[in-house]
2 protein chains.
Amino acid sequence: MTTPLYLNIGEQLSTEVSRMQPGDRLPKERELAERFAVSRMTVRQALSLLADQGRVYSVRGHGTFVAQPHVAKDATLASFTEDMLARGLVPGSRLLGAAEVPAPAELARALELPEGAPTFRIERLRLADNVPMCLETVHLPARLFPQLLDADLTSSLYALLGTRFRTTVVRAEQTFSAVRLTRRQSDLLGVPAGSAALVMRRVGVDTRGRLVEHAESIYRNDRYEFRLGVVRTP
Amino acid sequence: MTTPLYLNIGEQLSTEVSRMQPGDRLPKERELAERFAVSRMTVRQALSLLADQGRVYSVRGHGTFVAQPHVAKDATLASFTEDMLARGLVPGSRLLGAAEVPAPAELARALELPEGAPTFRIERLRLADNVPMCLETVHLPARLFPQLLDADLTSSLYALLGTRFRTTVVRAEQTFSAVRLTRRQSDLLGVPAGSAALVMRRVGVDTRGRLVEHAESIYRNDRYEFRLGVVRTP
DNA sequence: AAGTGGTCTAGACCACCCT
DNA sequence: GGGTGGTCTAGACCACTTT
């Protein structure tokens, strides 16, 4: 038994379902069990694969049916560079400032550092197709990334962390809120003063579970919205 | 058998797990089966509830363990009512308006309806601990929910759809952006005119894959932020 | 009343991890 | 080799929907 039966049956049902119309009824579970020469429990395991993907749904006492097709991608962690490429835009960067600064209280709490611990602060104007898209301020613990500021900071920071420090941000906690732009911010972004903007804050965690990055990104509201597919867990 | 055994057992295991430490090992499946006086398959069904929530994980040939808390689970679909309860706040509602209206172009596109198709439009001021939290405008296809407007619209709409129309929103596509509030909006929310606010738009899909709901929620920026754990998919 | 999916049993063997 | 979770069987009854 190298590959489980229910996976094989699930695949066969999958191609079968893809040739059917939304709303069509699938054969009864007892019929499928007979056809594949397995027990009904195994058929149900295969069907639950499709149900979990939202391809089919069951109605008690009625049958199992092909669902309307949908597209709901889960949110996946992406750098600005990756996000823009996925949207078909050319990412760019203008470095506004880079310095070593002591961690202020709120940042220290977010990264679980002692207050005042040395961090690198990198502020960049991020561009998409050469037009300002967001204003990004990243803080990283200085101890983890020696000589970081000597590198080229105008391209992807995530790529730099990977190649030079062998560190990958594998998960993150993000929050979204809104803000009214200050005069400086609206000038940099090229939007009217006092505009509303979307703020994303992110704390990134690497494979070892270390908090390696705090980022605050202020997005132009007229060029960006954040998309997210969500599912209900019962 | 009013409520399935595995749900009961799942709840008992849930409280048990909440009192354990991450990494702790759960009793063996065969032990749990004996303790609850059920078959092992039923125990596995209960455990899979917790595994789906990311609360526990299993290692073949080793055991089942308590997972690290908050380890980047994607956001789960929640109604306003559920969201507030999860944040420890008491949800409430003030009905601002409910009517049958023809779908405007943008809404029709989002719900894949013909333009001008009849929809129910429900506008509510949502409260948390009796203080305004967000301004919510929901549209639903009238054809799917006959006589919806006769019901009590001040409590959870999701609960109403479940009990009265046997429909559950199981997936949704959400977008987040920012907006400056109009005078009417800021008055209703009780914040200064011209404040920035977080806007969430959602298209909800039921088990059959039907688009059943379009919601636009405008959240007070001083009381709400949206949190999201994301993981990097390799 | 008949038929469907939902739950449950009491076993069995397999694949993998440990010592 | 012994123990764990993963898969699978051949039934059974229950809850619900439709005829």
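These lines cover the structure that appears in this document, whether it is placed above or below. (Residues numbered from 1 in each chain as written. Chains lettered and ligands numbered in written order. Predicted model: local features only at pLDDT ≥ 70, side-chain atom pairs only at ≥ 80, totals over all residues. Heavy atoms only, no water.)

Some points on the pairing of strand S8 (residues 211-220) of chain A
All names here are of chain A. Convention followed: Only protein chains enter the accessibility calculation, which uses a 1.4 Å probe; a residue whose area is less than 20% of its type maximum is buried, one above 50% is exposed, and one in between is partly exposed. A run of H or I in DSSP becomes a helix once it reaches four residues, and a run of E becomes a strand once it reaches two; helices and strands are each numbered from the N terminus. The rule for pairing is simple: two strands pair if DSSP sees at least two bridges between them.
Of all 10 residues in S8, 9 are buried; the element is thus mostly enclosed. Across 6 bridges, strand S5 (residues 131-141) lies against S8 in antiparallel orientation. Counterpart to His139 in the pairing with S8 is His214. In this sheet, S8 lies alongside strand S7 (residues 196-206) in antiparallel orientation, the contact comprising 9 bridges. Bridging from a neighbouring strand, Gly204 pairs with Glu213 of S8.

Let's talk about the pattern of salt bridges
The line we're drawing: Salt bridge, as applied in this entry: a Lys or Arg side-chain nitrogen positioned within 4 Å of an Asp or Glu carboxyl oxygen.
Tallied over the full model, the rule gives 28 salt bridges over all chains. Residues Glu136(B) and Arg124(B) are paired through a salt bridge, measuring 2.9 Å at the closest nitrogen-oxygen approach. Taken together, the positions of Glu136(B) in strand S5 (residues 131-141) and Arg124(B) in strand S4 (residues 118-128) put the pair 12 residues apart, joining distant regions of the chain. Under the relative-accessibility criterion, Arg124(B) is labelled buried at 3%. When salt bridges that share partners are traced, they join Glu29(A), Arg40(A) and Arg44(A) into one network.

Things to note about the protein's contact with DNA strand C
Short version of the rule: Proximity is defined per residue: if any heavy atom of the residue lies within 4 Å of a molecule or strand, that residue is considered near it. N or O atoms closer than or at 3.5 Å make up a polar contact, with two conditions inside protein: a donor-capable atom paired with an acceptor-capable one, and, for residues adjacent in sequence, both atoms drawn from side chains.
Every one of the 25 residues lining DNA strand C counts as a neighbour, but Lys28(A), Arg40(A), Arg44(A), Leu5(B) and Thr42(B) are closest to it. Sugar plus phosphate, as a fraction of atoms of DNA strand C within 4 Å of the protein: 68%. Within the backbone of Glu29(A), an N or O atom sits 3.2 Å from a phosphate oxygen of DNA strand C. Here Arg60(A) contributes a side-chain N or O atom positioned 3.4 Å from a base nitrogen of DNA strand C.

Side note on the protein's contact with DNA strand D
Our working definition: As a working rule, the residues Ala, Val, Leu, Ile, Met, Phe, Trp, Tyr, Cys and Pro are called nonpolar, Asp, Glu, Lys and Arg charged, and the rest polar, with Gly in that last group.
Residues in contact with DNA strand D amount to 25 residues; listed here are only the nearest, Leu5(A), Tyr6(A), Thr42(A), Lys28(B) and Arg40(B). A distance of 2.4 Å separates a phosphate oxygen of DNA strand D from a polar atom in the side chain of Thr42(A). Side-chain polar atom of Arg60(A) to a sugar or linking oxygen of DNA strand D: 3.3 Å apart, as the coordinates give it. Elements with a contribution of two residues or more to the surface near DNA strand D: helix H1 (5-18) and helix H3 (40-52) of chain A together with helix H2 (29-36), helix H3 (40-52), strand S1 (56-59) and strand S2 (63-66) of chain B. Grouping the constituent residues of the surface near DNA strand D by class yields 9 nonpolar, 8 polar and 8 charged.

Some thoughts on the packing of aromatic side chains
All names here are of chain A. For clarity, the cut-off: Stacked, edge-to-face and tilted labels apply to pairs of Phe, Tyr and Trp rings (six-membered ring for Trp) whose centres lie within 6.5 Å, assigned for plane angles under 30 degrees, over 60, and everything in between, in that order.
Summed over all chains, the structure comprises 11 aromatic pairs over all chains. For the pair Phe145 and Phe165, a centre-to-centre distance of 5.2 Å together with 85° between the ring planes defines the contact as edge-to-face. Residue Phe145 is found in the loop between S5 and helix H6 (157-165), and its partner Phe165 is found in helix H6; the two are separated by 20 residues along the sequence. In this structure, Phe145 and Phe165 share a single accessibility class: buried. Aromatic side chains Tyr219 and Tyr224 sit 3.9 Å apart centroid to centroid with 20° between the ring planes, which places their arrangement in the stacked category. For the pair shown, Tyr219 and Tyr224 are each scored as buried.

A look at the packing of H1(A) against H3(A)
All names here are of chain A. To be explicit about the condition: Axes here refer to lines fitted to C-alpha atoms; in helices the fit is confined to the stretch in contact. Angles between the N-to-C directions go from 0 to 180 degrees. Note that the term roughly parallel is reserved for angles under 35 degrees, roughly antiparallel for angles over 145, roughly perpendicular for angles of 65 to 115, and oblique for everything else. Should the near helix be turned counterclockwise from the far one by less than a right angle, the crossing is left-handed, whereas a clockwise turn marks it as right-handed. Only heavy atoms enter the contact rule, under which two residues are in contact if any of them lie within 4.5 Å.
One way to put it is that H1 packs onto H3 with a least axis distance of 8 Å and a crossing angle of 55°. Comparing their axes, H3 and H1 come out oblique. Crossing hand, H1 versus H3: right-handed. Touching Leu5, Tyr6, Leu7, Ile9, Gly10, Leu13, Ser14 and Val17 of H1 are Thr42, Gln45, Ala46, Leu47, Leu49 and Leu50, all from H3. Tallied by class, the residues present in the contact of H1 with H3 amount to 10 nonpolar, 4 polar and no charged.

Concerning the interface of chain A and chain B
How big an interface is tends to be reported as the loss of accessible area on association of its parts. Selection rule: What counts as buried area is the accessible surface, traced by a 1.4 Å probe, that two parts surrender upon association, with contributions from both included.
Every contact between the two is made by 44 residues of chain A and, on the other side, 44 residues of chain B. Between chain A and chain B, roughly 3,900 Å² of surface is buried when both sides are summed, and carbon and sulfur atoms account for 53% of that area. If you sort the residues of chain A by the area they bury against chain B, Leu228(A), Val230(A) and Arg232(A) come out on top, with a joint share of 19%. On the surface where chain A and chain B come into contact, there are 0 salt bridges. At the surface where chain A touches chain B, the tally comes to 11 residue pairs in polar contact (both at pLDDT 80 or more). No other element matches strand S6 (residues 169-180) of chain A, which puts 12 residues into the side of chain A that touches chain B. Of the residues that constitute the side of chain A that touches chain B, the class distribution is 23 nonpolar, 13 polar and 8 charged.

What to know about the environment of Glu123(B)
Residues and elements named next belong to chain B. Tracing the backbone through its elements, the reader meets Glu123 in strand S4. In this structure, the C-alpha to C-alpha distance between Glu123 and Leu135, residues 12 residues apart in sequence, is 7.5 Å. What Glu123 contacts, discounting residues up to four positions off in sequence, is Arg94, Leu95, Leu96, Gly97, Glu136, Thr137 and Arg184. Separated by 3.3 Å, the side chains of Glu123 and Arg184 make a polar contact.

Overview of the sheet that holds S6(A)
An order of S3(A)-S4(A)-S5(A)-S8(A)-S7(A)-S6(A)-S9(B) is seen for the 7 strands of this open sheet, with the pairing classed as antiparallel. In this open sheet, the two strands that pair with only one neighbour each are strand S3 (91-102) of chain A together with strand S9 (226-231) of chain B. Strand-to-strand twist of the sheet, defined as the mean angle between neighbouring strand axes without regard to direction, takes the value 20°. Summarising the sheet, S6(A) and S7(A) pair through 11 bridges and their orientation is antiparallel. When the sheet's bridge partners are listed, Ala178(A) is paired in S7(A) with Leu198(A). With respect to the sheet, H6(A) is in contact with strand S4 (118-128), S5, S6, S7 and S8 of chain A, its orientation differing from that of S5(A) by roughly 35°.

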